[in-house]
Amino acid sequence: MTVTEEPQAASGTDTAPQKEIGQARRRKEDARLITGRTTWTDNMVLPGMLHMAVLRSPVAHGRITALDVTAAKEAPNVVAVYTGRDLAEEQGSIPCAWPVTPDMVNPGHPSIAVDQVNHVGEAVAIVIGRSRSAAADALELIDVDYEPLPVVLDMEEAIAEGAPLVHDSTESNRSYHFVFDAGEAGTGSDTEQAFADAEVVVSRRFVQQRLIPAFMEPRSVVVQPQGDNYTMWSATQIPHILRVMAAMVTGIPEHKLRVVAPDVGGGFGGKLQVNPEEILALLVARRLGKPIKWTETRSESLMTAHHGRDQIQYVDVAADREGNVKGLRVRLLADMGAYLRLITPGVPALGAFMFPGIYKFGAYRFECDGIFTNKVPTDAYRGAGRPEATFAVERIMDELAVELGMDPLELRRKNWINADEFPFTTVAGLAYDSGDYETATQEALRLLGYDELREEQRRRRESNDPVQLGIGFSTFTEMCGLAPSRVLGSLSFGAGGWEHASIRMLPTGKVEVVTGSTPHGQGHETAWSQLVADSLGVPFEDVEVLHGDTAIASRGLDTYGSRSLVVGGSAVVKAADKVIAKARKIAAHLLEASEDDLEFSGGKFSVRGTPGASLGIQEIALAIFAAHDYPEGIEPSIDAEATFDPENFSFPHGTHICAMEVDTETGFVKIRKYACVDDVGTIVNPLIVEGQVHGGLAQGIAQALYEEAVYDADGNLTTGTFVDYLLPSAADLPHFDTGNTVHEAPGNPIGAKGVGEAGCIASTPAVVNAALDAVRHLGVADIRMPLTPERVWRAVHAGGDGGDRAPDRTNAQAVDSAQAPAAGSQGGVQ
Amino acid sequence: MTSINVRVDGASYSDDVEPRTLLVHYLREQLGKVGTVVGCDTSNCGACTVHLDGQAVKSCTVLAVQADGREVTTIEGLAGGGAPDAALHPVQKAFHEMHGLQCGFCTPGMIMASIDLLNENPSPSETEIREGIEGNLCRCTGYQNIVRAVQQAAGELSGSAGGQA
């Protein structure tokens with residue numbers, strides 16, 4: 001069931017049409033990318049263009065007591081210098097589109113600090129120079145004095161009584177307290193009762209470390225003012241949302257602002273943002289009437305672009321002795337950082353609905369505190385809430401299995417939703433659409449070679465091999481295809497979740513497809529061409545996909561949350577249906593037949609029972625362009641557009657299994673084998689799907705093993721370059737064995753479920769579970785992510801999670817109960 | 001300012017540059033060779049990799065003046081000197097065939113590093129490929145299809161002598 005390469009479609013032949021959907025089409029996008037003919041934002045050069053450089057705060061929390069820009073203004077080739085005071089009246093606030101509770105506290109987010117800085121890297125002054133280097137050089141001539149304020153970094157300390165405040169204007173560092181209680185919502189029974197009645201309760205504290213999306217293309221923005229019109233090119237995932245938000249923030253009328261996302265080099269949620277620098281570039285362009293460019297350095301990117309994850313999770317599971325889960329209780333502390341950006345508070349709230357995973361819990365309660373600290377804001381990072389939830393449930397299921405002495409897979413099987421139970425409404429109120437967890441698991445076990453590895457694990461244990469082997473599972477699902485607009489409304493999200501597409505039939509028969517979804521590596525141009533080739537029966541090569549420019553794609557809600565194909569692709573298919581419906585009237589007229597007698601297949605209308613009488617849709621495009629002969633009462637066009645708003649999320653699922661070697665003498669871990677089978681619904685292009693899974697796996701594994709954004713006690717980011725923030729290289733990652741099962745999503749015309757986040761969501765707990773499975777018999781019950789050799793070694797040799805905290809009581813109990821005879825035989829520093 | 005004479009992608013350039021100008025900034029800003037990109041400030045990501053006298057270098061770690069009198073090949077000069085309809089280099093073709101790229105930002109550097117790898121080791125093992133390109137970071141692909149691409153290109157290059165850049 002591994003993805004195999006399909007033969008190329010034979011286009012343009014008269015034989016029976018071969019379906020494009022399902023073909024491993026090579027990507028149209030590649031031609032420019034592999035030859036360096038790309039339009040990254042930073043490539044843009046405009047006449048008279050000036051460059052912006054940003055002076056950033058070196059302190060995490062402080063009042064600006066003096067700011068002298070005199071020398072910088074006089075520096076050669078400097079055109080202007082602005083401080084927060086200069087722009088205070090016009091800068092507004094970076095918008096937060098997700099007030100998760102009615103009483104959520106949002107102190108506002110200036111693009112440039114006026115009186116006070118709240119995280120290292122916050123903008124305090126900007127220099128506009130004739131060259132990038134002139135602007136950067138002049139930054140060094142600016143003098144700023146700060147009166148230091150106490151730095152708030154630890155979430156639990158931040159909400160303790162008497163903690164210093166990040167924002168003077170607030171009463172506490174708690175931005176919100178969000179609760180979902182299944183009992184109150186009517187989707188489950190009373191949680192406290194379930195725990196009171198439980199035979200077994202397992203409680204754990206998990207740490208979701210802070211991560212950095214670290215897209216390869218640094219953020220960049222160019223703003224060109226033309227009279228009272230502005231064009232902004234930005235390395236963004238969200239040109240449409242950015243346009244609306246930037247207009248609202250700056251007061252520039254929306255119709256006077258065009259936003260373009262040209263080629264964009266990755267995002268992973270990190271470019272799902274309205275960035276302070278985008279607003280500043282717009283404000284400066286308005287003031288000076290000149291084109292402005294800003295491109296960040298990598299250090300600026302790691303320090304100031306939003307981060308992801310950063311949660312402390314208290315998870316309790318209730319079960320009976322037979323291993324039937326009864327209840328789940330989650331208390332979350334979520335680090336907002338210093339400000340609320342676009343969907344900062346919403347990320348943990350989105351995750352709230354995924355903690356029950358694929359299991360039939362009867363009761364569920366979720367509480368989350370969003371907490372301000374003096375760090376850069378968190379926001380979306382690949383998975384956004386769902387990796388955290390999946391990690392928690394997949395880890396606690398393993399802990400419960402240990403507590404019950406059950407096989408972790410047997411425990412999962414006992415509790416997961418069976419294939420004949422779909423659609424299934426979960427305790428969190430979500431209606432899971434389709435799937436078969438057993439089949440995916442069987443296939444993943446086969447890909448892994450499970451039995452042999454279990455046997456090897458046994459041998460290594462028995463022989464006290466210094467290199468131990470472990471196997472870890474993650475049987476996951478996620479909510480994708482963001483999103484049903486009404487559901488988003490009920491969650492207080494500031495926008496809908498529909499997507500828009502239009503199709504333009506050109507006179508020569510070529511087809512332009514305009515999508516409101518904005519790619520940055522996903523391959524929309526290829527996959528959308530496949531969709532349209534099938535729908536309209538035109539050659540794949542005759543389709544051009546346009547995107548990422550608000551002047552071209554008039555309506556759209558952009559790309560995130562594995563929504564592009566599910567929602568955006570569906571809009572394309574719906575638009576194609578309308579094109580066919582319009583063309584049918586013309587065809588009937590030209591063929592002198594009744595519409596009812598026409599069949600449309602392979603791009604041609606033919607008359608039932610009249611062989612030879614047919615007209616291609618590409619011919620109709622020319623006929624209606626000429627418009628010499630068409631029916632009365634209709635418009636001379638077969639172009640069409642459609643907006644698709646799904647009625648439900650889609651729910652990809654899969655089984656991921658990691659086999660991990662742990663060297664107990666050095667603490668080094670090595671993934672021996674990784675196998676996964678994902679069900680993402682209909683696969684339009686297997687090559688693209690496989691690539692998305694690979695990339696997601698890399699990022700999920702990186703959370704487990706490599707990456708962490710670390711702040712020192714003063715709030716300095718100590719992982720501020722790629723020397724310190726460990727993005728895995730090819731040598732750090734294993735070969736992946738991937739496969740698919742296909743259960744179509746019933747909620748959209750394609751049947752797709754979404755694939756962008758699957759690998760990232762699923763893999764992290766599989767990897768950690770595998771490492772723990774390797775050393776649990778040595779008394780290790782948890783290892784804090786990332787699993788650095790030092791942490792693993794400490795956990796093996798000294799107990800605890802290898803992190804900075806002492807092992808907590810619940811973990812210690814679990815250690816005791818899991819203590820196997822072999823424990824202690826490794827010696828070490830106990 | 002210092003005068004330099006450089007051949008880039010087959011064309012000769014004479015320019016005055018600041019002594020501190022990095023080769024990548026010279027290529028991008030003075031020559032308009034924007035196919036070569038900057039991904040970090042610490043020579044970790046390799047997105048800026050070009051060939052200097054046939055050897056891969058990270059052009060953010062080379063001063064423009066160090067390229068004086070030498071020959072630079074960028075991603076734009078690989079395929080027949082950059083004519084739009086020129087045949088692709090086997091490594092470019094393999095990246096396309098094996099889906100070795102997604103957003104494509106690391107791709108120019110990744111391709112230039114891969115060619116250098118294959119010049120030194122025409123038939124690398126999977127491990128040798130992974131270690132050979134570890135100086136180039138990709139955030140999209142998880143590297144598996146990049147490895148496949150290099151393997152495919154190795155096969156094609158060894159089958160057709162003289163195909164290397």
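All values reported here derive from a predicted model rather than from experimental measurement.

(A) Structural detail: the packing of helix 3 (residues 107-120) of chain B against helix 5 (residues 144-159) of chain B. All names here are of chain B. Between helix 3 and helix 5, whose axes approach to 11 Å, the crossing angle comes to 45°. The angle between helix 3 and helix 5 falls in the class oblique. Seen along the crossing, helix 3 lies across helix 5 with a hand that is right-handed. Between helix 3 and helix 5, the residues in contact are Met-110, Ser-114, Leu-117 and Leu-118 and Ile-146, Val-150, Ala-153, Ala-154 and Leu-157, respectively. Among the residues making up the contact of helix 3 with helix 5, the classes are represented as eight nonpolar, one polar and no charged.

(B) Quick look at the interface of chain A and chain B. With 52 residues of chain A at the contact, the number on the chain B side is 44 residues. In this assembly, chain A packs against chain B so that about 4,100 Å² is buried in total across both faces, 54% of it on carbon and sulfur atoms. Looking only at chain A, the three residues that lose the most surface to chain B are Ile-34, Met-216 and Ala-730 of chain A, adding up to 18% of its buried area. Viewed at the interface, chain B and chain A are joined by five salt bridges.

(C) Main features of the nonpolar core. Of all hydrophobic cores here, the largest spans 216 residues; its most connected members are Tyr-364, Phe-366, Met-660 and Tyr-674 of chain A together with Phe-95 of chain B. When residues of this core are assigned to their parent elements, the largest contribution, nine residues, is made by helix 12 (residues 386-404) of chain A. Not counting residues up to four positions away in its chain, the partners in contact with Phe-366 of chain A are Phe-178, Val-179, Phe-180, Val-330, Leu-332, Pro-348, Ala-352 and Phe-355 of chain A. By size, the runner-up hydrophobic cluster in this structure holds 44 residues, among which are Met-505, Val-511, Trp-528 and Ile-580 of chain A.

(D) Spotlight on the domain arrangement of chain A. Residues and elements named next belong to chain A. Per the domain assignment, the segments of chain A are domain 1 (41-149 + 216-266 + 271-304), domain 2 (308-482 + 648-811) and domain 3 (498-644). Summarising the inter-unit geometry, the C-alpha centres of domain 2 and domain 3 are found 41 Å apart. Counting residues at the interface gives 20 residues for domain 2 and 18 residues for domain 3. Around 1,300 Å² of area is buried between domain 2 and domain 3 when both sides are counted, 66% of it from carbon and sulfur atoms. Considering only the surface of domain 2 that becomes buried against domain 3, Leu-482, Val-684 and Ile-750 emerge as the three largest contributors, covering 37% of it. On the surface where domain 2 and domain 3 come into contact, there are zero salt bridges.

(E) Just empty space enclosed by the protein, in detail. Residue and element names in this part refer to chain A. By the definition in use, this model includes seven cavities of 30 Å³ or more. Space inside the largest cavity adds up to approximately 130 Å³. The wall of the largest cavity is formed by 16 residues, among which Glu-29, Arg-32, Asp-263, His-520 and Gly-521 lie closest to the centre. Tallied by class, the residues present in the lining of the largest cavity amount to five nonpolar, six polar and five charged. Both domains that furnish three or more residues to the lining of the largest cavity are identified here as domain 1 (41-149 + 216-266 + 271-304) and domain 3 (498-644). Volume-wise, the second largest cavity comes out at about 70 Å³. Lining the second largest cavity, in full, are Arg-56, His-109, Pro-110, Ser-111, His-119, Gly-121, Glu-122, Ala-123, Pro-276, Glu-277, Thr-304 and Arg-341. Tallied by class, residues from the lining of the second largest cavity come to three nonpolar, five polar and four charged.

(F) Representation of the sheet that holds strand 4 (residues 116-117) of chain A in the model. Residue and element names in this part refer to chain A. In spatial order, the strands read 4-2-6; together these three strands make up an open sheet with antiparallel pairing. Whereas interior strands pair on both sides, the edge strands pair on one side only; in this sheet they are strand 4 and strand 6 (143-148). As defined by bridge partners, strand 2 (residues 62-68) adjoins strand 4 across two bridges and the pair is classed as antiparallel. The residue bridging Arg-63 from the neighbouring strand is Gln-116, located in strand 4.

(G) Region of interest: the environment of Tyr-560 of chain A. Residue and element names in this part refer to chain A. By secondary structure assignment, the location of Tyr-560 is in the loop between strand 21 (543-546) and helix 18 (564-591). Spatially, the C-alpha atom of Tyr-560 lies 27 Å from that of His-735, the residues being 175 residues apart in sequence. For Tyr-560, the residues in contact, after removing those within four places along its chain, are Gln-237, Ile-238, Ile-241 and Leu-272. A polar contact is formed between the side chain of Tyr-560 and the backbone oxygen of Leu-557, at a distance of 2.8 Å.

(H) Seen up close, the pattern of salt bridges. Going through the model one piece at a time under the given rule, you end up with 68 salt bridges over all chains. The partner of Arg-460 of chain A in a salt bridge is Glu-456 of chain A, and the shortest N-O contact between them spans 2.9 Å. Taken as a pair, Arg-460 of chain A and Glu-456 of chain A lie in helix 15 (residues 450-462) at a separation of four residues, close to a single helical turn. Classification of Arg-460 of chain A as buried rests on a relative accessible area of 16%. Residue Glu-456 of chain A is classed as buried on the basis of its relative accessible area of 11%. Across the pair Lys-93 of chain B and Glu-156 of chain B runs a salt bridge whose closest N-O atoms are separated by 3.1 Å. With a gap of 63 residues between them, Lys-93 of chain B in helix 2 (residues 90-97) and Glu-156 of chain B in helix 5 connect regions that are remote in the sequence. Through salt bridges that share partners, Arg-56, Arg-219, Glu-277, Glu-296 and Glu-300 of chain A make up one connected network.

Definitions and cut-offs
- Residues numbered from 1 in each chain as written.
- Chains lettered and ligands numbered in written order.
- Predicted model: local features only at pLDDT ≥ 70, side-chain atom pairs only at ≥ 80, totals over all residues.
- Heavy atoms only, no water.
- Axes fitted to C-alpha atoms, helices over the stretch in contact; angles between N-to-C directions.
- Helix = DSSP H or I, 4+ residues; strand = E, 2+ residues; numbered from the N terminus.
- Parallel < 35°, antiparallel > 145°, perpendicular 65-115°, else oblique.
- Left-handed = near helix turned anticlockwise from the far one by under 90°.
- Contact = heavy atoms within 4.5 Å.
- Nonpolar A, V, L, I, M, F, W, Y, C, P; charged D, E, K, R; others polar.
- Buried area = accessible area lost by both parts, 1.4 Å probe.
- Salt bridge = Lys/Arg side-chain N within 4 Å of Asp/Glu carboxyl O.
- Core = buried A, V, L, I, M, F, W, Y, C linked by side-chain atoms within 4.5 Å.
- Buried < 20%, exposed > 50% of the residue type's maximum accessible area, 1.4 Å probe, protein only.
- Domains from an automatic or database assignment.
- 1 Å grid on protein atoms, 1.4 Å probe; cavity = no way out; pocket = protein on both sides within 12 Å on 5 of 7 lines; lining within 4 Å.
- Points joined across faces, edges and corners; volume = space filled by probe spheres on them.
- Pairing = 2+ DSSP bridges.
- Polar contact = N/O pair within 3.5 Å; in protein donor to acceptor, adjacent residues only side chain to side chain.

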